[in-house]
Structure formats: C-alpha cells, structure tokens
2 protein chains.
Amino acid sequence: MDSKTLCLAVLLKGDASGYEIKKALESAPLSHFQDTSFGSIYPALNRLTAHGQAVCREEAQDKRPDKKVYSITQDGRRALVEALLQPPGPDRYRSDFLFVLFLAELLPAGHLAQVVDSRIALYDERIAHMEACDCAQGQAAPDYVHGFGLAIYRAAADYLKRHRDEIIAGAAQESRRVAE
Amino acid sequence: MDSKTLCLAVLLKGDASGYEIKKALESAPLSHFQDTSFGSIYPALNRLTAHGQAVCREEAQDKRPDKKVYSITQDGRRALVEALLQPPGPDRYRSDFLFVLFLAELLPAGHLAQVVDSRIALYDERIAHMEACDCAQGQAAPDYVHGFGLAIYRAAADYLKRHRDEIIAGAAQESRRVAE
DNA sequence: TCCATCATATATCGATGCGATATACGCATG
DNA sequence: CATGCGTATATCGCATCGATATATGATGGA
C-alpha cells in the first residue's frame, strides 16, 4: 500500500507526528505486512497536506526540535476509504533467503546449513514474539491480521524444519556433482 | 535481491536477452519470491556490462528488432557468489489485502465478504497452479523453493477459510458499533 | 567521570525500482 | 480486416529504500 494511505490509516486513530507514525507502523500487527521509511513518510505527509487530506500544526518543544503534529481531514477520510475499496493486488512475498537456497549449489560446503539454521532461528524468534504479544483483545479485525501472520511464519518454520536435513544433504551431493 | 544479481543468476544457466531474462524470472519456482520489471532489467544489464560482469553481442533478426544477447563473465560469476554469501535479510511479506482487513470497519457492509472470498479463490488458484506445475524433478534445491511456496500459500488459504465466517461476522458487528 | 549509544525528532540525497508508455512487426482469432 | 497478443527494445516520471545530517537529553558501562 502506498505511503500516503498508510499515514492516513495511522492518523485516523489519532493525531501524530512523522516519527510517531513510523513507530505506529512498526508496532501494529500490520508491521509484518506493510512497511515504510522516513524517506517515504515525510514526503507523503507533505503531499497529504498539499492535497488537503491532512493538516499540520507545529508544537514547540523544550530543547527538542519542533514537533509537527498531523491530523486527518474529512477529505483524508474519504481518500482512505476510496483506497480501501480498490481491489487489493496479490500478496508479494520477497525472500532473499529462498534465492540463496535456489542457487545452493554455488555455495561452499557448510555455508547452506548455517544459513538454513539461522533462518529457522529467525522464524522461531518471530513466532515467539508474536505469541507473546498480547494482541488478541477479542474478535476484532487486527486479531485476524495477527493470526494470519502467525500462521504464515509457522508454516515457513515448519516446512524448513521438516526438510532441513534433505536440503543440506541434497546441496552437498549437488556440489560434488558440479565439482566433477 | 537486487536486479543485477537476479540477471546474473539467469545468465548463469545460459545466455539470454533482457526479454528472455524476464520470462525466466516469471516461470521459475523463484517467481513467487523475486520479481522485476523491464524498467529494472535493462538498466541492470547496462550496469553489468559497464562493470564487466556480463558481455553483450547483437544478433540481427529477420523482421524483428535486433536481439541483444548477454553472457555472464568470470567476474560476473564472482559477483554472484559474493552476493549469495551475504547474510540474507528477513523475508518481506507485503499484503494490501491484510491492510484492508485491518481496517475492515471502514468498509460498507458486504464488501469485506467479497474481498475475502476473492482472496481465498486467488490462493486456491495459485495452489492449483503450483500443484499442476511439474517442478519436482528430484531432490534439487529448486524443488524446495517450490515446496516452500506451496506450504505458504496453503497456510494462507487454510487460515482464511477457517476464519472466514468469524471475520465477516465480526466486521459486521464492528460496523454497527462504529455507526452508533 | 567520561564516552558511547540510544531515543526523540526532522529532513534530504542518491540509487534503485515500479508501472506505464513508445516503437515496431508478425501472427492468429473473431 | 481489425484488434489484440507475443516478441523485442528502451525510457520516463514518480515512489521508495537505506544511509546520512543535525540536534539534544537520558542512560549506562568502563
């Protein structure tokens, strides 16, 4: 989803500065499926302001840079709903890890095992974090986003664990074949 | 993974033009986890050529634009392996669908049901396509990438199907609450 | 105590990437 | 006989990513 819409979604829940929007996007269950950087947020807020979809007021702070606090406008609410009504494009799963796995035969012996094991650890860590996170407040929509994320990570971790040994053995065999 | 590395990976399996590289990236099991456009591939090939990681020869064709066929060089092979040895960053799952689900309460009644059902259909279609695809030639690395993708899509479809009714009922209830 | 690092807060820069578009021709389908 | 699709190249504008600059207070370890 584009940065403007992401910002509007955060502002809908309450006024916020660019910095606070970034934090909000990092903490929500949504953080696993959407992401932005300051390099996207600040220009997006400017565009939003220019188009009347948000307004900005500056709050002076003691010994800190001024805080620019943004609020969503009625026009912004309209734009957000309009964006939500567009048929969402397909999910996109980007994985450099799987690219490495795909070309495993090019790697020195042992390297793949280390990469696979690190990845399993990474998935497990993510899962533990999500299970610990106390996001289930009822039957609201955010809980399902959270549940979806958990289901995906568990499937990924499970698949890798079930095939770990074969993958590593297969790559070792393949490396020998290529070397000949 | 950056476009240059993606191009090198394709060129490793054989010489190819920009157009053929695009097709190769679309057809491999990898296509679900990596993706590029012409707007990335052609500049990447130019950079590759400039840095001596690929060479280009022009092939005249009858009644067609000339074909620029690229080959990987020894330097290119080195660069590819070097890229593969970098610790891969975390997977990134981008989903506009989950963003819509997250903000379900803003949608008109009935819209969410339609979006969820479309998404289930989309996942099922992808799964059917991947199951039909005759990618399993043995125990090679690409098979595991294929298997990983299938596992993820199955988990996604399964989660959505199991929670479909709750999600839709919950959103309807939430909409009423917000409307009050 | 001092130095490093982190958290708060804004913002920009260059490189990269995405999606649409332009050009050009043959072939098939309706 | 026209419309669109497949082959083939390439570029344009805009969005985005990751790093960096600037400034200050708080925290914490050597």
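What you see is a predicted model, and the numbers here were worked out from it, not measured in a lab. (Residues numbered from 1 in each chain as written. Chains lettered and ligands numbered in written order. Predicted model: local features only at pLDDT ≥ 70, side-chain atom pairs only at ≥ 80, totals over all residues. Heavy atoms only, no water.)

### Comments concerning the overall build of chain A
Short version of the rule: Only DSSP runs of H or I covering at least 4 residues are called helices, and only runs of E covering at least 2 are called strands; the numbering of each starts at the N terminus. Each radius of gyration reported is based on C-alpha atoms, and the globular scaling rule is 2.2 Å times the count of residues to the power 0.38. Each residue's exposure class comes from its accessible area (1.4 Å probe, protein chains only) as a fraction of the maximum for that residue type: buried when under 20%, exposed when over 50%, partly exposed otherwise. Contacts are assigned to residue pairs that have any heavy atoms within 4.5 Å of one another. Each accessible area is a Shrake-Rupley result for a 1.4 Å probe, and residues are judged covered by the shown protein chains and nothing else. We count Lys and Arg on the positive side and Asp and Glu on the negative side, and we leave His and both chain ends out. A single reference atom marks each charge: NZ on Lys, CZ on Arg, CG on Asp, CD on Glu.
Assigned secondary structure in chain A consists of seven helices and three strands. Beginning at the N terminus, the succession of helices and strands in chain A can be written as α-α-α-β-β-α-β-α-α-α. For 180 residues, the compact-globule estimate of 2.2 N^0.38 gives 16 Å, and chain A exceeds it by more than 25% at 22 Å. Here the C-alpha coordinates of chain A stretch approximately 70 × 40 × 35 Å along the principal axes. When the 180 residues of chain A are sorted by exposure, 46% land in the buried category. A sequence separation of at least 24 residues applies to 57% of the contacts in chain A between residues at least 6 apart. Carbon and sulfur atoms provide 51% of the accessible area of chain A, an area that totals close to 9200 Å². Side-chain charges in chain A split into 22 positive and 25 negative, and the spacing between the mean points of these groups amounts to 4 Å.

### What about the nonpolar core?
Quick note on the threshold: The definition of a nonpolar core used throughout is a set of buried Ala, Val, Leu, Ile, Met, Phe, Trp, Tyr and Cys residues joined through side-chain atoms within 4.5 Å.
Ranked by internal contacts, the top residues of the largest apolar core, which has 106 residues, are Ile21(A), Tyr123(A), Phe148(A), Ile21(B), Tyr123(B) and Phe148(B). Excluding residues that lie within four positions of it along the chain, Phe148(B) makes contacts with Tyr93(A), Leu98(A), Tyr123(A), Ala156(A), Tyr159(A), Leu160(A), Phe33(B) and Asp91(B).

### Section: the relation of the copies chain A and chain B
Our working definition: Least squares is the method for superposing the copies, and the C-alpha atoms it fits come from residues with pLDDT of at least 70 in both.
Rotating chain A by 180° and translating it 0.0 Å along the rotation axis places it on chain B, where the RMSD comes to 0.0 Å. Such a combination of turn and shift is consistent with a two-fold rotation axis. No C-alpha of chain A approaches the rotation axis more nearly than that of Tyr93(A), which lies at 2.2 Å. When the interface residues of chain A are mapped onto chain B, 100% of them again lie at the interface, so the same face is used by both copies.

### Looking at the confidence of the model for chain A
Filter applied, for reference: pLDDT expresses, on a scale from 0 to 100, how confident the predictor is about each individual residue.
Per-residue confidence for chain A gives a mean pLDDT of 92, with 91% of residues at or over 70. Ranking the elements of chain A by mean pLDDT puts strand β2 (residues 64-72) of chain A last, at 86, and helix α1 (residues 3-12) of chain A first, at 98.

### A closer look at the protein's contact with DNA strand C
We count it as follows: Nearness of a residue to a molecule or strand requires only that one of the residue's heavy atoms be within 4 Å of it. Throughout this description, a polar contact denotes any pair of N or O atoms lying within 3.5 Å of each other; where both atoms belong to protein, one of them has to be capable of donating a hydrogen while the other can accept it, and for residues adjacent in sequence the pair is counted only when both atoms sit in side chains.
Taken together, 22 residues surround DNA strand C, and among them Tyr19(A), Tyr42(A), Lys68(A), Asp2(B) and Ser40(B) come closest. Sugar and phosphate atoms form 65% of the subset of DNA strand C atoms that lie within 4 Å of the protein. Between DNA strand C and the protein, one listed contact pairs a phosphate oxygen with a backbone N or O atom of Tyr19(A) at 2.9 Å. Put simply, the parts of the chain that give the surface near DNA strand C at least two residues each are α2 (18-27), α3 (38-50) and β2 of chain A together with α3 (38-50) of chain B.

### Re the interface of chain A and chain B
Applied cut-off: Accessible area that two parts lose when put together, evaluated with a 1.4 Å probe and summed over both, is termed the buried area. Salt bridge, as used here: a side-chain nitrogen of Lys or Arg that lies within 4 Å of a carboxyl oxygen of Asp or Glu. Strand pairing is assigned whenever DSSP identifies at least 2 bridges connecting the two strands.
Taken together, the contact pairs 60 residues of chain A with 60 residues of chain B. The contact between chain A and chain B buries some 6100 Å² in all, and 70% of this surface belongs to carbon and sulfur atoms. Linking chain A with chain B are four salt bridges. Here chain A and chain B share 29 residue pairs in polar contact (both at pLDDT 80 or more) between them. Note: strand β3 (residues 92-94) of chain A against strand β3 (residues 92-94) of chain B, three bridges, orientation antiparallel. Across the sheet, the residue bridging to Arg94(A) is Arg92(B), located in β3(B).

### A word on a nonpolar patch on the surface
Condition: Patch membership requires over 30% relative accessible area and the absence of a salt bridge. Like charges are linked within 9 Å, and nonpolar side chains (Val, Leu, Ile, Met, Phe, Trp, Tyr) within 5 Å.
On the surface, Tyr19(A), Phe38(A) and Tyr42(A) cluster together into a nonpolar patch covering about 310 Å² of accessible area. Position of Tyr42(A) among the secondary structure elements: in helix α3.

### As for the protein's contact with DNA strand D
Stated formally: Residue polarity is assigned by list, with Asp, Glu, Lys and Arg as charged and Ala, Val, Leu, Ile, Met, Phe, Trp, Tyr, Cys and Pro as nonpolar; anything else, Gly included, falls into the polar class.
The local shell around DNA strand D holds 23 residues, among which Ser40(A), Ser17(B), Tyr19(B), Tyr42(B) and Lys68(B) are the closest. Those atoms of DNA strand D that come within 4 Å of the protein belong to sugar or phosphate at a rate of 67%. With respect to DNA strand D, the backbone of Tyr19(B) contributes an N or O atom lying 2.8 Å from a phosphate oxygen. At the level of elements, α3 of chain A together with α2 (18-27), α3 and β2 (67-72) of chain B are the ones that each hand at least two residues to the surface near DNA strand D. Its residues assigned to classes, the surface near DNA strand D comprises four nonpolar, nine polar and ten charged.

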